[in-house]
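Overview (structure and organization)
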Amino acid sequence: LWESLVKAVKVFNPAGGAGMENFVAVMKKETGVDLKTQFLPSLGDEIAVVSLPENADKLEALAGKGKYGRVASLSLATYWVEQGQPDKAEAALAAIKETPKDLHYYQAKDLSAQIAARKGDIDGALAILKKIVDENPREYLLDAVLYQQAELLEKKGRTAEALALYKKLETDYA
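Residues numbered from 1 in each chain as written. Predicted model: local features only at pLDDT ≥ 70, side-chain atom pairs only at ≥ 80, totals over all residues. Heavy atoms only, no water.

The end-to-end C-alpha separation of helix H7 (residues 103-118) is 23 Å, in line with the 22 Å expected for 16 residues at 1.5 Å each. With 12 of its 16 residues buried, H7 lies for the most part within the structure. Inspection of H7 places Leu 103, His 104, Tyr 105, Tyr 106, Gln 107, Ala 108, Asp 110, Leu 111, Ser 112, Ala 113, Ile 115 and Ala 116 among the buried residues, and these make up the whole buried set. (Helix = DSSP H or I, 4+ residues; strand = E, 2+ residues; numbered from the N terminus. Expected span 1.5 Å × (residues − 1). Buried < 20%, exposed > 50% of the residue type's maximum accessible area, 1.4 Å probe, protein only.)

Below you can see the structure in the form of structure tokens.
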């Protein structure tokens, strides 16, 4: 999510500086969502989502609609995962269209795989992750996806395949 916000800030102010403040102000004006109350900067390069129930309604209203619909859907899905409601999270993710295959698309697919794994559908999670790897998106780093695959393969007792992925991570992403 942080990468998406940084990209959006660069649209508003490519030179940096007050870009984040401009983005936050425009987001609040256009969508009614105040990023300052939903997201807290942490160490300057990550965003921690703050689960505020009153924001869920706003996100539901925005999900799948307009310019910020994909971000709202993804944020809402993350919120529902944090609340332990995977079915609602999957419903929020369903609002994210298959195109364009950008950062938000792959974040949604990654979250879908995590939800499937939490629900015990390891094969389903592995299928989602395999599709991401097969598409080899330049918009989305595969190291976390490969690591998730390795962990799930290990859970299924497919140790040799998991070990091969761990070695790939060590050589290609170290």
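After presenting the structure, the write-up continues.
Turning next to the nonpolar core. Core analysis: the biggest nonpolar cluster contains 20 residues, and Leu 129, Ile 132, Tyr 140, Val 145 and Leu 152 have the highest contact counts within it. For this core, the secondary-structure elements that each account for two or more residues are H7, helix H8 (122-135), helix H9 (143-155) and helix H10 (159-172). Those residues in contact with Tyr 140 that sit more than four places away from it in its chain are Leu 103, Tyr 106, Gln 107, Asp 110, Ile 132 and Val 145. Core analysis: the second largest hydrophobic core is formed by 18 residues, Ala 63, Leu 76, Ala 77 and Leu 111 among them. (Core = buried A, V, L, I, M, F, W, Y, C linked by side-chain atoms within 4.5 Å. Contact = heavy atoms within 4.5 Å.)

Attention now moves to the environment of Leu 152. You can see Leu 152 is positioned in helix H9. The class of Leu 152 is buried, set by a relative accessible area of 7%. Counting along the chain gives 10 residues from Leu 152 to Ala 162, while the straight-line C-alpha distance between them is 8.0 Å. Not counting the four nearest positions on each side in its chain, Leu 152 is found in contact with Ala 117, Ile 122, Ala 125, Leu 126 and Leu 129.

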